[in-house]
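# Overview (structure and organization)
So the chains spell out like this:
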Amino acid sequence: MRSLEDYDISPTTGFLPTEPPLRRLSDNYFQPWEDLMEDFNGLLLAGKLRQAIHKMPLLDHSRLKTVQEYRRAFLILCMLSHSYVWGKLEKTSETLPANLAVPWSGIANHLGLCPVVCHASVVLWNYRLLDPNGPIDLSNLSALATYSGSLDESWFYLVTTAIESVGAPCLAAMVRSINHVREANYQGLIDDLQTVHTAMEGMNNALQRMFEKCDPYVFYWKIRPYLAGWENMAEAGLPFGLIYEGVDSFWSAETDEYADMSHLSEGERLLRQYRRYAGGSAAQSSLIAALDVFLGVEHYPTGKRPQVVQKPDSRDQSDLNDRYKQLPTPNPADELHKSKEKSGTTTPTSERPPFVRTNRNAFLRAMRMYMPRQHREFLEDLELAANLRSFVLQLEQQQKDNLSPEESMILDVYNDCLTQLKVFRDKHVQIVTLYIVNQARKGPNIAHGGFAIEKKKQQQKQEQDDSTQDDSIHPSKKGKITTNDHNVLYPQTALETSPRIRKGSLSAMVSDMFPELGLAKHVDPKTGVVRGTGGTNVLPFLKQSRDETADTRIGFTPTTGHQNGKSIKKSITIAEEAAIPERRRSWRNWFTNK
Ligand code: HEM
């Protein structure tokens, strides 16, 4: 592996930049962006943000000089663009104007990201230190930008920033550990695994603090709608994704030039401007992904986890039966050519990435496309270099009657690290239950009525009218009251997918032009799922991810599994496990007891 710095990782701040992010772009040329940022929350609230954006000039992003400037500009455009699309109780916009779309795409390309809000923009590049000489922790952090203007939103981002900060020492320790395994330096390995373990304890403590200042209601109803992307967003009015005006798949952000499009119809030119991207999620954190890779946690398609965690190289290569069967193509036009492509007559779409070794969950793999390029490369190289799991499996298999105290210790600390990662995922499942599942089930609390209720009534009436006239609404939804109905105000947070195309919309026109792209391709109307911003069926996915972590521990019976689609009994409950001191849960103890 190259040095951490080569992957834009700091041994002290990890994936966070070594210096706090820029608070402003100093070049006056970018003043129009910064001016809008100053009034951004107020304009959004007043319903004037779109108007203000229309007046904004199209700026040339190539005048940005440093990577810090690129990151600041990316954050600004994430804030402006998502607010433009979702509005504040305004109808979703199907298009993003060129003055946002063009520079945003160019900047994203420069940073190796997609032009959509992501973990890097709101967590890694969105903080300042109250005391410039103080630590990067929750007593010294303030967020640079939020959609809602609320302290809850700041807290939501900052807790995650603090997790990245406290987890930073893991990265150098991981790289050193890989060398220790190669050099059989057992004491060095123990020390570095202990560093990882301590850092993970700190990450868990920071995660627990989410509850302190981020209210689940505010999160779900006021913050989360803005973090949504435009993939699987038919119910929010974006069945084909979002049109990035002035940017199409024949445009190169690098050269700002268009390839020859003379062979395309008007319709296909329009279709080529659509982009489908998942929304912002901490599933895009390279830190948690790195811990999985380092410790050898394997992830499977949801519902397809083998009962017993397999040893390396004995994995079956069956198709991924997931919501994401493969990396989604960001442009719907690519689907038109899929069949031709199979016969090799046209240009290839996105190729499968190289990082499929341990991670066969298509959603988690897709999340890597939303990590900065160098961090993604770090994970790819780490996958090739990681040797810890095969080393501990070897210890387990070959020397179980004759382990030296150091070897036993390595197994202990390895298991302890996995326990910390499992505890992280246990807490995370609790958080998601409270912050998403429960909130979605309860519905919004609009006690004061007024505009919001009026608006909701108007929208419901509009939808009833649409459903009597419009054949494109799925027949199973016609005339039915669904659990989705409370969600009209923020359709992008809907619990259930209810695909529809609004009459007279641009999507309706595109749908007429390209019937082969049928709505049902993007959403399954029969599945009532609770979705994450990334469009996942949240709880089964997260619980499986937690169980996969637990079962990676050496000497543990799988905690849960699936046989013929049914859950099998847990061998040990979470409560029982919590009651056992960590050391006793180690492999050595298990082995001795046996
Ligand atoms: C209010 C707080 C949070 C909520 C509501 C939340 C929600 C979610 C949801 C819904 C998913 C499923 C994927 C998706 O569709 O986006 C997810 C995945 C994930 N989240 Fe969070 N999250 C929260 C905080 C955090 C924090 C602070 C971290 C720390 C970095 C984190 C790390 C992850 C990871 C790594 C995944 C991928 C699944 C896994 O690896 O187990 N989340 N989260």
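In this text the structure is predicted, and so the values were computed from the model without any measurement.

### Some points on the overall build of the chain
- Helix and strand content of the chain: 23 helices and nine strands.
- The burial tally for the chain puts 58% of its 594 residues in the buried class.
- Excluding contacts between residues fewer than 6 apart, the proportion of contacts in the chain whose partners are at least 24 apart in sequence is 78%.
- As displayed, the chain has an accessible area near 25,500 Å², and 51% of this comes from carbon and sulfur atoms.

### A look at the sheet that holds strand β4 (residues 242-244)
- The strand order across the open sheet built from three strands is β1-β4-β7, with neighbouring strands paired in mixed fashion. Across the chains shown, the open sheet's two edge strands, defined by having one partner strand only, are β1 (95-96) and β7 (274-275).
- The pairing of β1 with β4 spans two bridges and is parallel. Bridge pairing links L96 to Y244 in β4.

### Quick word on helix α10 (residues 216-227)
- Extensive coverage of α10 is indicated by the burial of ten of its twelve residues.
- Listed as buried for α10 are P216, V218, F219, Y220, W221, I223, R224, P225, Y226 and L227.
- By the N-cap criterion, in which a side-chain oxygen at the helix start approaches the backbone nitrogen of a residue two or three places on, α10 is capped by D215, the distance to Y217 being 2.8 Å.

### What to know about the UniProt feature "binding site: heme b" (unreviewed entry) in the chain
- Per the UniProt annotation, the sites labelled "binding site: heme b" (unreviewed entry) are H428.
- By the element assignment, H428 lies in helix α18 (residues 405-442).
- Not counting residues up to four positions away in its chain, the partners in contact with H428 are L207 and L542.

### Some points on the nonpolar core
- Counting 144 residues, the largest nonpolar core has W33, F74, L80, W230 and F378 as its most contacted members.
- Considering every element that reaches this core, the biggest residue donor is α18, with 15 residues.
- Dropping the residues within four chain positions of it, L80 is found in contact with L36, M37, F40, L49, I53, M56 and L100.
- By size, the runner-up hydrophobic cluster in this structure holds eight residues, among which are L270, I501, A508 and V510.

### Some remarks on the state of the cysteines
- A full pass over the atoms with the stated rule returns zero disulfides.
- Free cysteine C78: the closest other cysteine sulfur is in C118, separated by 5.7 Å.
- C417 provides the cysteine sulfur closest to C170, a residue in no disulfide bond, and the two sulfurs are 7.9 Å apart.
- Here C170 falls in the buried class, since its relative accessible area comes to 0%.

### Comments concerning the side chain of S121
- Within the secondary structure layout, S121 lies in helix α5 (residues 119-124).
- Of note is the side chain of S121, whose polar atom sits 2.8 Å from the backbone oxygen of C118.

### A short note on the packing of helix α6 (residues 151-167) against helix α8 (residues 186-208)
- The contact between α6 and α8 brings their axes to 8 Å, and the two run at 170 degrees. Judged by the inter-axis angle, α6 sits roughly antiparallel to α8. Listed contacts from α8 to V159, I163, V166 and G167 of α6 are A199, G202, M203, A206 and L207.
- Of the residues belonging to the contact of α6 with α8, the class tally is seven nonpolar, two polar and no charged.

### Some remarks on the packing of aromatic side chains
- This structure, assessed with the given rule, holds 19 aromatic pairs.
- Within the aromatic cluster, the residues linked to one another by ring pairs are F74, W104, W125, Y244 and Y277.
- Looking at R63, its charged tip hangs above the ring of Y29, at a distance of 3.9 Å from the centre.

### Remarks on the environment of Y84
- Take Y84: it is sitting in helix α3 (residues 67-86).
- The buried category is assigned to Y84, whose relative accessible area is 5%.
- Excluding residues that lie within four positions of it along the chain, Y84 makes contacts with L49, R50, I53, H54, S93, T95, L96, P97 and L100.
- Side chain to side chain, Y84 and H54 meet in a polar contact 2.6 Å long.

### Examining α3
- Along its 20 residues, α3 runs 28 Å from first to last C-alpha, staying within 8% of the 28 Å computed at 1.5 Å per residue.
- Most of α3 is tucked away, with 18 of its 20 residues classed as buried.
- Positioned one or two residues after α3, G87 has a phi angle of 60 degrees, which is positive.

### A closer look at unusual backbone geometry
- Although it is not a glycine, D8 sits at a positive phi angle of roughly 60 degrees.
- Here D8 falls in the partly exposed class, since its relative accessible area comes to 30%.
- A positive phi angle is found at A184, which is not glycine, with a value near 55 degrees.

### Some thoughts on the environment of L124
- Note on placement: L124 falls in helix α5.
- On the basis of relative accessibility, which here comes to 3%, the residue L124 falls in the buried class.
- Distance in space between the C-alpha atoms of L124 and Q430 is 24 Å, their sequence separation being 306 residues.
- Setting aside residues no more than four positions away along its own chain, L124 makes contact with F15, L16, P17, P21, H119, E164 and H375.

### As for the packing of α3 against α10
- The contact between α3 and α10 brings their axes to 8 Å, and the two run at 110 degrees. Between α3 and α10, the crossing angle belongs to the class labelled roughly perpendicular. For the pair α3 and α10, the contacting residues are H82, S83 and W86 in the first and P225, Y226 and L227 in the second.
- Classifying every residue of the contact of α3 with α10 gives four nonpolar, two polar and no charged.

Cut-offs and rules
- Residues numbered from 1 in each chain as written.
- Predicted model: local features only at pLDDT ≥ 70, side-chain atom pairs only at ≥ 80, totals over all residues.
- Heavy atoms only, no water.
- Helix = DSSP H or I, 4+ residues; strand = E, 2+ residues; numbered from the N terminus.
- Buried < 20%, exposed > 50% of the residue type's maximum accessible area, 1.4 Å probe, protein only.
- Contact = heavy atoms within 4.5 Å.
- Areas by Shrake-Rupley, 256 points an atom, 1.4 Å probe, with all protein chains shown as cover.
- Pairing = 2+ DSSP bridges.
- Polar contact = N/O pair within 3.5 Å; in protein donor to acceptor, adjacent residues only side chain to side chain.
- UniProt positions renumbered as here; feature names shortened; annotations may be inferred.
- Core = buried A, V, L, I, M, F, W, Y, C linked by side-chain atoms within 4.5 Å.
- Disulfide = S-S within 2.5 Å.
- Axes fitted to C-alpha atoms, helices over the stretch in contact; angles between N-to-C directions.
- Parallel < 35°, antiparallel > 145°, perpendicular 65-115°, else oblique.
- Nonpolar A, V, L, I, M, F, W, Y, C, P; charged D, E, K, R; others polar.
- Phe/Tyr/Trp six-rings, centres within 6.5 Å; stacked < 30°, edge-to-face > 60°.
- Lys NZ or Arg CZ within 6 Å of the ring centre and 35° of its normal.
- Expected span 1.5 Å × (residues − 1).

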